[in-house]
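Read off the chains here:
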Amino acid sequence: MKKQHLTIIWEGIAIDVVYIPEYSPGFTKTYGWRMAHLCIKRQDKGQLPMTETGYKSHFTNAANIEEIGGTESYVRALLDEYGSSKKWKEYAAKERQMTLF
């Protein structure tokens, strides 16, 4: 599989994802498993549950992504896991709240 680009909408937030299933062939030869890389970036200037900057560089075993059903399923699972935190829920509520000033 080659590099994959996709956009997902999670809780009304547009997120760009780039997935590289074998980030380092040398790593695979040495350790016997494929190191995958995900770039997860919010399209606007807001935060994501796992990062205040809106950008996350994430490395994992490619098998983890394949086992859960692919790139989109894996990223959604990450977002859901981190999105269940009290800190994220407070941020999301504040982001939805309109302000007068």
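Our structure's up above, just so we're on the same page.
These lines cover the structure that appears in this document, whether it is placed above or below.

Re the overall build of the chain
Now for step 1: A count of helices and strands for the chain gives 4 helices and 4 strands.
Now for step 2: Moving toward the C terminus, one meets the helices and strands of the chain in the order β-β-α-β-β-α-α-α.
Now for step 3: The principal-axis extents of the C-alpha atoms in the chain amount to approximately 55 × 25 × 20 Å.
Now for step 4: Here the chain, with 101 residues, has 35% of them falling under the buried criterion.
Now for step 5: Relative to all contacts within the chain whose residues are 6 or more apart in sequence, the contacts with residues 24 or more apart total 47%.
Now for step 6: For the chain, the distance from the average site of its 14 positive side-chain charges to the average site of its 12 negative ones is 4 Å.

Considering the pairing of strand β3 (residues 35–42)
Now for step 1: Counting buried positions over the 8 residues of β3 gives 6, a clear majority of the element.
Now for step 2: The pairing of strand β2 (residues 13–20) with β3 spans 6 bridges and is classified as antiparallel. Bridge assignment links V18 to a residue of β3, and that residue is C39.
Now for step 3: One ladder, built from 7 bridges, connects β3 with strand β4 (residues 55–61); its direction is antiparallel. Its bridge partner lying in β4, K41 is registered against Y55.

Section: the sheet that holds strand β1 (residues 4–10)
Now for step 1: Within the open sheet, the 4 strands sit side by side as β1-β2-β3-β4. Their pairing is antiparallel. In the strand order of this sheet, the two ends are held by β1 and β4, each with one partner. Between one strand and the next, the sheet's axes are offset by a mean angle of 25°, whatever the strand orientation.

Focus on the packing of aromatic side chains
Now for step 1: Counting across every chain of the model gives 5 aromatic pairs.
Now for step 2: Centroid distance Y23 to F59: 5.1 Å. Interplanar angle 75°. Geometry classified as edge-to-face. Residue Y23 is found in the loop between β2 and α1 (25–31), and its partner F59 is found in strand β4; the two are separated by 36 residues along the sequence.
Now for step 3: Residue class for Y23 comes out partly exposed when judged on its relative accessible area of 42%.
Now for step 4: A ring pair is formed by F27 and Y31, whose centres lie 4.6 Å apart and whose planes are at 35°; its orientation type is tilted. Pair noted here: F27 and Y31 are both in helix α1, with a separation of 4 residues, about one helical turn.
Now for step 5: Given the relative accessible area of 18%, F27 is considered buried.
Now for step 6: Members of the aromatic cluster, joined through ring pairs, are W10, W88 and Y91.

Cut-offs and rules
Residues numbered from 1 in each chain as written. Predicted model: local features only at pLDDT ≥ 70, side-chain atom pairs only at ≥ 80, totals over all residues. Heavy atoms only, no water. Helix = DSSP H or I, 4+ residues; strand = E, 2+ residues; numbered from the N terminus. Buried < 20%, exposed > 50% of the residue type's maximum accessible area, 1.4 Å probe, protein only. Contact = heavy atoms within 4.5 Å. Lys, Arg positive; Asp, Glu negative; His and termini not counted. Charge placed at Lys NZ, Arg CZ, Asp CG, Glu CD. Pairing = 2+ DSSP bridges. Axes fitted to C-alpha atoms, helices over the stretch in contact; angles between N-to-C directions. Phe/Tyr/Trp six-rings, centres within 6.5 Å; stacked < 30°, edge-to-face > 60°.

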